[in-house]
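As a plain string of letters, each chain reads:
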Amino acid sequence: MKFVKIFIILLLIPIQSVISADIEVFMDTLEQKLEWLNYRLNLEQWDHYTKGQADSLDFYQELYNDLTSNPEIYLQLQRDKKDISNEQDLRRWDILNSLFSSDDVGISHKISKLVDSLSSIEVNYRAIYNGEKKQANELYKIYRTSRNRGDRENAYRAYVSVGNKLAEGLSQLIRLRNQQAKKNGYSNYFSYSFKQQNLDIDEYEKLLERLDQLSQSPYQAILASVRNKLSYNELQIWDLGYFYADINRELDSYFPVESQLSFIKQGLKGIGVNIDKMPIYFDLESRDGKSQFAFTFPIKPPHDLRVMANLIEGHYSTRTLHHEIGHAIHYALISQDNNLFRTEQSGIWSEAMAQIFAGMCEERLWLEKYAKVPYAVARSFIKSKKEADIIYLRTQLMRLQFELQAYTNPNRDLNKLYWELFEKYLMLPKHEDLKPWASLFYYITHPVYMQNYLYADMVKAQTYAYLEKNYESVVDNKMTKAFLVQNYLRFGSRYPWDELLERGTEEGLNPNYYIQSLGL
Ligand SMILES: [Zn+2]
């Protein structure tokens, strides 16, 4: 504790004293402060999500806000950029610049307090389904696989019911974040955030539009065949996943909870990655007071990485775990001396690395070789997945448009907006008594982050296409690790993600690989 106090004093004092120092020294000082604060914050977050309580989370969050919302630091970064003489320092500057803002620290504090109080609601919330408390993963499974239509409806309603508790807080968060963006000279938080992440809104909107147009008729064809097979007059959201229930139920039986980690480990050994030799700690059992989501905490990369999940029987749960392990492997294999390049990863690249690893468990060879799924089951799963991917894409487009429009037209009634987009993209009946948009926790904890999954899937498709063309298979092939370490993983954030992608696949981001992988 003594050490902590001394460090805090050191942390607070030098901000003023380095203001006029050399820019490189100034950046070194900022990095050291960030390294220590990230470490403390990640530890507190770990406690918060796994135990439902973290005594000093607010304290470290405030210190972090005080540092990153300090207008003097922001101004000095802008002013002294011209003095930077080498490429590596310019890269450090880019990363630091995206973390600091000229905020009013009061707003940052209000935002993080609200986020923490909403996440406490999530951590402690358990929905009631048919008179019984259920965890989210179980409800998800029931609403997609139960043979009883009423049970599916009840499970869906329970699954999104946390939205009713969070809706007001989320609306307030969106307003606060827009106020914060205005302080920084932007019209809304979405454009501010896109600028920080070096993304172009116009190009993004064009991409969403293109994906919408390409997927419209294949999606309508899927709806028609579901309607036909289930012979309901009117399809509902809880019938859509059910159409694939038989194959999912069959596949799930090959994935008992106790085998999931071991299948993943064997599959990773097949590409040359041994996670038993990596400093990864797991918390995989669900319990009261633990968040129902899955996260990886880079406590101190590459020395201390922690994966939290809530396993239940099935392939979906395995895939989620594999994704999180992908994050942990990424952090473990970064070999950079500079801490900033180890800890501060861009959202797109970080999710892309996780998706590249997780994608392995959806390949036929992986299913057969490591999970002993029979050929016929693996084949029907892959066939059904082609359709499920299109449903997922339409769902994703709806969620991405929702966030974009919630920030750019903040005066809209968010529930109305959601259900309008729901009708447009999913073409199913609305249920305006429910607020599923507020049950999507990403909008609360990771604002303007969800598009990273879409870009990550594009990076993954492009990388798989390259690996398959040049090395035949991604699964069970040691070249996969060699390629990933050599071109992607070891660099961390030393170079921008689009440069790494081009280095690896000899081509800039090209959405066509993703579009082809969906059969569109
Ligand atoms: Zn992830």
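What counts and how
- Sequence order as written defines the numbering, with residues in each chain counted from 1.
- Per-residue local features of the predicted model are confined to residues with pLDDT of at least 70, and side-chain atom pairs are confined, for both listing and counting, to 80 or more; whole-chain, interface and lining totals are unaffected and use all residues.
- In this text, helices come from DSSP runs of H or I with a minimum length of four residues, and strands from runs of E with a minimum of two, each type numbered from the N-terminal end.
- Here the globule rule is a power law, 2.2 Å times the number of residues to the power 0.38, and the radius of gyration is based on C-alpha atoms.
- What counts as a contact is two residues whose backbone-derived C-beta atoms lie within 7 Å of each other.
- Segment limits for the domains were obtained from an automatic or database-derived domain assignment.
- Here the rule is simple: two strands pair whenever DSSP picks up at least two bridges between them.
- With axes taken as lines fitted to C-alpha atoms, and helix axes fitted only over the stretch in contact, angles between N-to-C directions fall between 0 and 180 degrees.
- Once C-beta atoms are placed from the backbone, each residue is buried if 20 or more other C-beta atoms lie within 10 Å of its own, exposed if 12 or fewer, and partly exposed for counts between those two.
- When buried Ala, Val, Leu, Ile, Met, Phe, Trp, Tyr and Cys residues are joined through C-beta atoms within 7 Å, the set is termed a nonpolar core.
- For every residue, the predictor states its confidence as a pLDDT score lying anywhere from 0 to 100.
- Roughly parallel refers to an angle under 35 degrees, roughly antiparallel to one over 145, roughly perpendicular to one between 65 and 115, and oblique to any angle outside these ranges.
- Rotating anticlockwise by less than a right angle from the far helix to the near helix defines a left-handed crossing, while the corresponding clockwise rotation defines a right-handed one.
- Under the scheme applied here, ten amino acids are nonpolar (Ala, Val, Leu, Ile, Met, Phe, Trp, Tyr, Cys and Pro), four are charged (Asp, Glu, Lys and Arg), and all others, including Gly, are polar.

*Asks:* Would you mind showing me how to read the overall build of the protein here?
*Replies:* Counting its regular elements, the protein contains 26 helices and five strands. The C-alpha atoms of the protein give 23 Å as radius of gyration, which agrees with the globular expectation for 520 residues (24 Å, within 12%). Seen through its C-alpha atoms, the protein measures out along the principal axes to roughly 75 × 50 × 45 Å. A separation of at least 24 residues holds for 74% of the contacts in the protein among residues at least 6 apart in sequence.

*Asks:* Help me out: how do you make sense of the domain arrangement of the protein in this one?
*Replies:* With domains assigned, the protein is organised as domain 1 (2–102) and domain 2 (254–379 + 468–506). Computed over C-alpha atoms only, the centres of domain 1 and domain 2 are separated by 29 Å. With 15 residues of domain 1 in contact, the opposing surface of domain 2 contributes 17 residues. Of all the secondary-structure elements, those providing two or more residues to the side of domain 1 that touches domain 2 are α3 (23–51) and α6 (87–99). No other element matches α3, which puts eleven residues into the side of domain 1 that touches domain 2.

*Asks:* Explain the sheet that holds strand β3 (residues 280–283) to me, please; I cannot follow it from the model alone.
*Replies:* The strands making up a sheet associate through backbone hydrogen bonding, with each pair oriented either parallel or antiparallel. One open sheet holds the three strands; their spatial order is β3-β5-β4, and the pairing between them is mixed. Of all strands in the sheet, those with a lone pairing partner are β3 and β4 (295–300), marking the two edges. Going across the sheet, the axis of each strand differs from the next one's by a mean of 20°, ignoring polarity. Sheet analysis places β4 next to strand β5 (residues 304–308), joined by four bridges and oriented antiparallel. Bridge pairing in β5 links T296 to V307. In the packing of α3 onto the sheet, the strands contacted are β3, β4 and β5, and the crossing angle to β4 comes to about 145°. Against the sheet, helix α16 (residues 315–332) touches β3, β4 and β5, its axis set at about 175° to β5.

*Asks:* Looking at this model, I keep getting lost on the environment of S102. Mind explaining?
*Replies:* Examined against the element boundaries, S102 turns out to sit in the loop between α6 and α7 (105–124). On the basis of neighbour count, S102 is assigned to the partly exposed category, with 16 C-beta atoms found within 10 Å. Separated by 338 residues in the primary sequence, S102 and L440 have C-alpha atoms spaced 29 Å apart. Those residues within four positions of S102 in sequence are excluded, and the remaining contacts are P71, Y74, L75 and N184.

*Asks:* What exactly am I supposed to notice about the nonpolar core here?
*Replies:* Nonpolar side chains tend toward joint burial in soluble globular proteins. Formed by 109 residues in total, the largest nonpolar core has its most connected members in L139, Y143, A155, Y159, M353 and F357. By residue number, the principal contributor to this core is helix α20 (residues 375–408), which donates ten residues. The residues contacting A155, other than those within four sequence positions of it, are Y129, L139, I142, Y143 and S146. Residues M27, L30, L34 and F100 belong to the second largest nonpolar core, which totals ten residues.

*Asks:* How should I be thinking about the environment of I329 in this particular structure?
*Replies:* Secondary-structure assignment places I329 in helix α16. Sequence-wise, I329 and G272 are 57 residues apart; in three dimensions their C-alpha atoms are separated by 12 Å. When sequence neighbours within four positions are dropped, the list of residues in contact with I329 reads V273, I275, M278 and F357.

*Asks:* What should I look at first to understand the confidence of the model for the protein in this one?
*Replies:* Low pLDDT marks regions whose predicted coordinates should not be analysed in detail. Per-chain confidence: the protein averages 93 in pLDDT, with 96% of residues scoring 70 or above. Contacts for the low-pLDDT stretch residues 1–10, under 50 throughout, to residues beyond four places or in other chains number one contact. Residue range residues 13–20 is modelled with pLDDT below 50. Its contacts to residues more than four positions away, or to other chains, number eight contacts.

*Asks:* Explain the environment of Y60 here, please?
*Replies:* Summarising the element assignment, Y60 is placed in helix α4 (residues 57–68). The residues touching Y60, leaving out its near neighbours within four places in the chain, are L37, R40, L41 and E44.

*Asks:* I tried to follow the packing of helix α14 (residues 245–252) against α20 on my own but got confused; where do I start?
*Replies:* How two helices sit against one another is set out by the angle between their axes and by the gap between those axes. Contact pair α14 / α20: the axes reach a minimum separation of 10 Å and the direction vectors enclose 135°. In this view, α14 runs oblique relative to α20, as classed from their interaxial angle. In this structure, α14 crosses over α20, and the sense of that crossing is left-handed. On α20, the residues touching I247, E250 and L251 of α14 are V377, S380, F381 and S384. A class-by-class count of the residues in the contact of α14 with α20 yields four nonpolar, two polar and one charged.

*Asks:* Looking at this model, I keep getting lost on the pairing of β5. Mind explaining?
*Replies:* Two faces, one strand: in a regular strand the side chains alternate between the faces of the sheet. Buried residues dominate β5, accounting for four of its five residues. With four bridges joining them, β3 and β5 adopt parallel strand pairing. What sits directly across from D283, in β5, is M308. What sits between the antiparallel neighbours β4 and β5 is a turn of three residues.

*Asks:* What is the right way to read the packing of helix α19 (residues 364–371) against α20 from this model?
*Replies:* One way to put it is that α19 packs onto α20 with a least axis distance of 9 Å and a crossing angle of 145°. Crossing angle aside, the handedness with which α19 passes α20 is right-handed. Packed against α19, whose contacting residues are R364, L367 and E368, the element α20 presents Y375, A378, R379 and I382 at the interface. Residue classes in the contact of α19 with α20 are distributed as four nonpolar, no polar and three charged.

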